[in-house]
Amino acid sequence: MRQTLVAGNWKLNGSLQSVKELISGIKAGAADAGGTQIAVCPPFVYIPLVSELLAGSSVAWGSQDVSDQESGAFTGEISAAMLKDFGCRYAIVGHSERRALYAEDDEFTARKFAAARKSGLIPILCVGETLEEREQGITEQVVERQLDAVIKLEGIAALGEAVIAYEPVWAIGTGKTASPQQAQDVHAFIRAKLAGLDKAVADKVQILYGGSVKGSNAAELFAMQDIDGGLIGGASLNAADFLAICKAGG
Ligand code: PGA
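Notes on the structure in this doc start here. Fair warning: this is a prediction, and the values are worked out from it, not measured in the lab.

What counts and what doesn't
Residues numbered from 1 in each chain as written. Predicted model: local features only at pLDDT ≥ 70, side-chain atom pairs only at ≥ 80, totals over all residues. Heavy atoms only, no water. Helix = DSSP H or I, 4+ residues; strand = E, 2+ residues; numbered from the N terminus. Expected span 1.5 Å × (residues − 1). Buried < 20%, exposed > 50% of the residue type's maximum accessible area, 1.4 Å probe, protein only. Contact = heavy atoms within 4.5 Å. Pairing = 2+ DSSP bridges. Right-handed = clockwise from strand over helix to strand, strands pointing away. Salt bridge = Lys/Arg side-chain N within 4 Å of Asp/Glu carboxyl O.

## Thoughts on helix α5 (residues 106-118)
Over its 13 residues, α5 runs 18 Å from end to end, which matches the ideal 18 Å to within 8%, given 1.5 Å per residue. Those residues of α5 lying buried are D106, T109, A110, K112, F113, A114, A115 and A116. Packed against the buried residues of α5 are α3 (80-85), β4 (90-93), α4 (96-101), β5 (122-127), α7 (139-154) and α8 (156-159). Positioned one or two residues after α5, G120 has a phi angle of 85 degrees, which is positive.

## Let's talk about the pairing of strand β2 (residues 37-41)
Counting buried positions along β2 gives five out of five residues, so the element sits mostly inside the fold. The alternating pattern of β2 places Q37, A39 and C41 and I38 and V40 on opposite faces, both of which are buried. The pairing of strand β1 (residues 5-9) with β2 spans five bridges and is classified as parallel. When the bridges of β2 are listed, A7 appears paired with A39. With respect to chirality, the unit in which β1 leads through helix α1 (residues 16-30) into the neighbouring parallel β2 is right-handed. As paired strands, β2 and strand β3 (residues 60-63) are joined by two bridges and run parallel to one another. In the sheet register, V40 faces β3, and the bridge partner there is W61.

## Quick word on the pattern of salt bridges
Side-chain pairs of opposite charge can arise whenever the charged atoms involved come near each other. Under the definition given, this model contains 18 salt bridges. Across the pair D68 and R111 runs a salt bridge, and its minimum N-O distance is 3.6 Å. Here D68, found in the loop between β3 and α3, pairs with R111, found in helix α5; they are 43 residues apart in sequence, far enough to count as distant. With relative accessibility at 40%, the residue R111 sits in the partly exposed group. Here K118 and E70 are joined by a salt bridge, their closest N and O atoms 2.5 Å apart. Note that K118 is positioned in helix α5 and E70 in the loop between β3 and α3, a separation of 48 residues in sequence. Per residue, the accessibility class of K118 equals that of E70, and both read exposed. Where salt bridges share partners, they join R2, R191, D226 and D228 into one cluster.

Here's what the structure looks like:
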């Protein structure tokens, strides 16, 4: 049985005050979320604060991105080891906003995945097609290409120590959620592809769905056989909304 994981991706949102309030709300309700593993991914600068506020609780934390480099003259970058210093468990890599807005390609994303793993972080590898790609009928090819870049660099076993998040780009922040069946179809494709290379990895890896998940649609998504939780954007900024999603996985 794979444990359900619900991770909040706060993106470029928050302030010192709102972070304190949000974390206190999440902490207060986390115990009611059943067996769901909860994680939050704040902006980098709030990670030290979040690590203090969440120390000793069941809620884990991670970053929204990570450098592909370990150290040196890379202005503005944050390394995986630095994140590890502040207790991060996860690092999101290859989010579609990084891919689309900051031109991060499959190979670069794979190097970030490798850097995260090297420092003992669990990468949350985001994959997913644009609306245009879905309409062209190439969803599976796109997702496969994104996975293959990581498998080529790191090997299939590495995915057994990672999390995959399937996030159709057309569903992110749009209010348009993939139907449970649409999501399940791609999740099943991903798992079958991995099973073709290593059955144990395919059975083990948590595959999250992301894209306009809310309290009202989380339960039906998480009930699908190959959906092991969610990566939550907008709805993770409100403790009650986020906890409702976490409960749906418990
Ligand atoms: P959303 O974002 O829940 O606001 O659609 C999901 C994500 O980008 O991870």
